[in-house]
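In case you want the letters, here they are:
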Amino acid sequence: MSSHSVRVRFAPSPTGPLHLGGIRTALYNYLFAKKYGGTFILRIEDTDRKRFVENSELYILETLKWCQIEPDEGVGYGGPYSPYYQSQRNNIYRMYINKLLKQGDAYYAFDTDQEIDKKRKEYNNRGLVFSYNSRIRMDLNNSLTMTKEQLYDKLRSCSYVIRFKIKPGEKLKMHDIIRGNIIVDTNHLDDKILLKSDGVATYHLANTIDDHLMKITHVIRGEEWLPSTSLHILLYRSLGWTPPNFAHLPLILKNNGKGKISKRNTDSLNFPIYPIQWKVPKSQIIIPGYRELGYLPEAFVNMLALLGWNPGLKREIFSLQELIHFFSLEKIKKSGVYFDIKKTNWFNKKHLNKKKEEIFSFLFKEIKTRSILCKKDYLWKIIHLTIDRIHFIHEIWEHSFYFFVPPNSYEENFFNKICHENTILQLENAKILLYDMNQFTSVNLRFLFHTIKNKHKIMQLFRLALVGFLKGIDIFLILEMLGKKESIRRIEKLINRIKEKI
Ligand code: GLU
């Protein structure tokens, strides 16, 4: 592939926030462009004004920024092929539609919705399926079935659409980089509308013309567009253009096996669907995205990249630069892929592991707001000891608070169970052991405990005394970190609580 010629586009319609599938499409386009030193373009496909949702465009731009996959060209970035909004390009589309009309590859259709409904019923009653296609069009109200005079008359007085005239009887060969060769029988295609009655081009026409004029070399998009590709290829041919290469990405499926993820079925999902938060228009509702929930963009992008693509290596953690390096369209899967939130959290954990400075600042702020004083070294030690337990930066406090503050309360069930004289005795004895130690290190403590009776019970009691719960890192490390004085103080506090209770 001659490198500088690669031009790809992400072409969302501004119909709301992006969901996982949408942002993955953007990511694959970005990775492919960067791999070949090409250009990644953002085009807004806003021909369908009825589906327009305010703030979608801002959302898209902010999401791409957060993921660090910003376009080189297009809406918000400018470039030699502007405008990059389809709503501003309608005069271009009209020029080409005239060409198609002149060539006889498109025709005017005047059928009203009622007329079409009537025909549909007629066909259904005869046990046939109605479709505006090469078999039925001669039975309908269009420029193919009227004289020139009738046509001029109609054009002056009626509203109309312009349809593409499919030539039947061809086995159209198409190639998809992911799916291989595909053959489509043009007898099965209908005459799609290219220009709507309001004079605005439809997606099919606008998309094809723009991809050609913007010199797009590879169309990388969702599988839902595969059935439209035959029409697009026929349009390229009628306009005398060479089509770009196509790669249709697999669907992202819900892991309960119940269909694909889409903007319309977010309610039934038990995981976030949006990359960043979405403010539902005209309401106070804000739906948090991965960003707000504490996922790192690096982790989110790494997870998304592997959702349908695999470089065939053993490792799974990649930086954006590495993803670019290994990316290839040929290694994208054909079949749908399952999204897994647990795996996503795992990616976050792995990437968080490389963010020790950020965790340090976060923890530092936490202790500052609580007016706790502590040495930097101590903080670093705590981070090293607890980092493997956290998936999100905000979890660091709940996994490390006991290094800074003694527990205020104790896990109820366990506390109630151990509330008797015998526990007090055991704790008093263990306390003496600690007291007598010279070097209060985890190694020595472990060694000492190895020899005592009831060691498991005592270790649990210590954990309750020091942490308040039966959670936390290795108990000997906790003891060492807190030091002899503080550990004994907390054990005494527990003894007192038990005494109060019995
Ligand atoms: N506007 C289409 C969408 O929102 C783009 C399809 C394409 O990439 O060709 O999915």
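Owing to the predicted nature of the structure, the values given are computational and were not obtained by experimental measurement.

(A) How the structure looks around the packing of helix α16 (residues 455-467) against helix α17 (residues 475-501). At a minimum axis distance of 8 Å, the contact between α16 and α17 shows a crossing angle of 80 degrees. One way to sum up the angle between α16 and α17 is to call them roughly perpendicular. On α17, the residues touching Met-459, Leu-461, Phe-462, Arg-463, Leu-464, Ala-465, Leu-466 and Val-467 of α16 are Ile-475, Phe-476, Ile-478, Leu-479, Leu-482, Ser-487, Arg-490, Ile-491 and Leu-494. Looking at the contact of α16 with α17 residue by residue, the classes come out as 14 nonpolar, one polar and two charged.

(B) Focus on the site of the ligand. The full set of residues close to the ligand is Arg-9, Ala-11, Pro-12, Ser-13, Glu-45, Tyr-203, Asn-207, Arg-221 and Trp-225. Here an oxygen atom of the ligand and a side-chain polar atom of Arg-9 are 2.8 Å apart. The side chain of Ser-13 places a nitrogen or oxygen atom 3.0 Å from a nitrogen atom of the ligand. Isolated, the ligand exposes 300 Å² of accessible area, and the fraction of that covered by the protein chains is 84%. Within the shell around the ligand, the residues separate by chemical class into four nonpolar, two polar and three charged.

(C) Structural context of the side chain of Ser-238. For Ser-238, the position within the fold is in helix α7 (residues 226-238). Taking the relative accessible area as the measure of exposure, Ser-238 reaches 12% and is therefore buried. When sequence neighbours within four positions are dropped, the list of residues in contact with Ser-238 reads Leu-100, Gln-103, Asp-105 and Phe-164.

(D) Quick look at the packing of helix α3 (residues 90-103) against helix α6 (residues 203-213). Orientation of α3 relative to α6, taken along the N-to-C sense of each, is 105 degrees, at an axis distance of 10 Å. Overall, the two elements α3 and α6 adopt an arrangement that is roughly perpendicular. Contacts between α3 and α6 involve Ile-92, Tyr-93, Tyr-96, Ile-97 and Leu-100 on the former and, on the latter, Leu-205, Ala-206, Ile-209, Asp-210 and Leu-213.

(E) Representation of the environment of Ile-92. Relative to the assigned elements, Ile-92 resides in helix α3. For Ile-92, a relative accessible area of 22% gives the class partly exposed. It is 10.0 Å that separates the C-alpha atoms of Ile-92 and Leu-213, two residues lying 121 residues apart in sequence. Once residues lying within four places of it in the same chain are set aside, the contact partners of Ile-92 are Ile-209 and Leu-213.

(F) Highlighting the pattern of salt bridges. Scanning all chains against the criterion turns up 29 salt bridges. Here Asp-211 and Arg-43 are joined by a salt bridge, their closest N and O atoms 2.9 Å apart. Taken as a pair, Asp-211 in helix α6 and Arg-43 in the loop between β2 (39-42) and α2 (56-66) lie far apart in primary sequence, 168 residues in all. By relative accessible area, Arg-43 is classed as buried at 0%. Ionic pairing is found between Lys-355 and Glu-298, a salt bridge with its closest N-O pair at 2.6 Å. Of this pair, Lys-355 sits in the loop between α10 (341-352) and α11 (356-369) while Glu-298 sits in helix α8 (residues 297-305), placing them 57 residues apart in sequence. The partly exposed category is assigned to Glu-298, whose relative accessible area is 27%.

(G) Up close: the environment of His-456. Within the secondary structure layout, His-456 lies in helix α16. Separated by 360 residues in the primary sequence, His-456 and Tyr-96 have C-alpha atoms spaced 81 Å apart.

(H) Spatial organisation of the sheet that holds strand β4 (residues 106-109). Reading across the sheet, the three strands line up as β4-β5-β8 and stay open at both edges, with antiparallel pairing between neighbours. Each of the sheet's edge strands pairs with one partner strand only, and the pair in question is β4 and β8 (193-195). Strand-to-strand twist across the sheet, computed as the mean angle between neighbouring axes with direction ignored, equals 45 degrees. Two strands pair when backbone bridges link them, and β4 and strand β5 (residues 161-164) are joined in this way by four bridges, in the antiparallel orientation. For Tyr-108, the partnering residue across the bridge sits in β5 and is Ile-162.

(I) Quick look at the packing of aromatic side chains. Evaluation of the coordinates by the stated rule reveals 27 aromatic pairs. With centroids separated by 4.4 Å and ring planes inclined at 40 degrees, the aromatic side chains of Tyr-203 and Trp-225 adopt a geometry described as tilted. Remark: Trp-225 occurs in the loop between β9 (218-222) and α7 and Tyr-203 occurs in helix α6; sequence separation between them is 22 residues. Between Tyr-290 and Tyr-295 the ring centres are 4.9 Å apart and the planes differ by 65 degrees, which places this aromatic pair in the edge-to-face class.

(J) Here's a closer look at unusual backbone geometry. The step from Ser-82 to Pro-83 runs through a cis peptide bond, and the omega angle for that step is 0 degrees. Positionally, Pro-83 belongs in the loop between β3 (73-74) and α3. Positive phi, normally seen in glycine, also occurs at Lys-215, with a value near 55 degrees. Checked against the element boundaries, Lys-215 lands in the loop between α6 and β9. On the basis of relative accessibility, which here comes to 49%, the residue Lys-215 falls in the partly exposed class. The phi torsion at Lys-282 lies on the positive side, around 55 degrees, for a residue other than glycine.

(K) Representation of helix α1 (residues 20-35) in the model. A rise of 1.5 Å per residue sets the reference length of α1, with its 16 residues, at 22 Å; its end C-alpha atoms lie 22 Å apart and thus fit the reference within 8%. By the criterion of burial, α1 is predominantly enclosed, with 14 of the 16 residues buried. Residue Gly-37 follows α1 closely and has a positive phi angle near 60 degrees.

(L) Structural context of the pairing of β5. What you see with β5 is no split at all: Val-161 and Arg-163 on one side and Ile-162 and Phe-164 on the other are buried throughout. Note that β5 and β8 share two bridges and pair antiparallel. Residue pairing for β8: Ile-162 is matched across the bridge by Leu-195.

(M) Here's a closer look at the environment of Pro-297. Here Pro-297 is to be found in helix α8. The spacing of Pro-297 and Cys-67 is 230 residues in sequence and 5.2 Å in space, taken between C-alpha atoms. The residues touching Pro-297, leaving out its near neighbours within four places in the chain, are Trp-66, Cys-67 and Gln-68.

What counts and what doesn't
Residues numbered from 1 in each chain as written. Predicted model: local features only at pLDDT ≥ 70, side-chain atom pairs only at ≥ 80, totals over all residues. Heavy atoms only, no water. Axes fitted to C-alpha atoms, helices over the stretch in contact; angles between N-to-C directions. Helix = DSSP H or I, 4+ residues; strand = E, 2+ residues; numbered from the N terminus. Parallel < 35°, antiparallel > 145°, perpendicular 65-115°, else oblique. Contact = heavy atoms within 4.5 Å. Nonpolar A, V, L, I, M, F, W, Y, C, P; charged D, E, K, R; others polar. Near = heavy atom within 4 Å. Polar contact = N/O pair within 3.5 Å; in protein donor to acceptor, adjacent residues only side chain to side chain. Areas by Shrake-Rupley, 256 points an atom, 1.4 Å probe, with all protein chains shown as cover. Buried < 20%, exposed > 50% of the residue type's maximum accessible area, 1.4 Å probe, protein only. Salt bridge = Lys/Arg side-chain N within 4 Å of Asp/Glu carboxyl O. Pairing = 2+ DSSP bridges. Phe/Tyr/Trp six-rings, centres within 6.5 Å; stacked < 30°, edge-to-face > 60°. Expected span 1.5 Å × (residues − 1).

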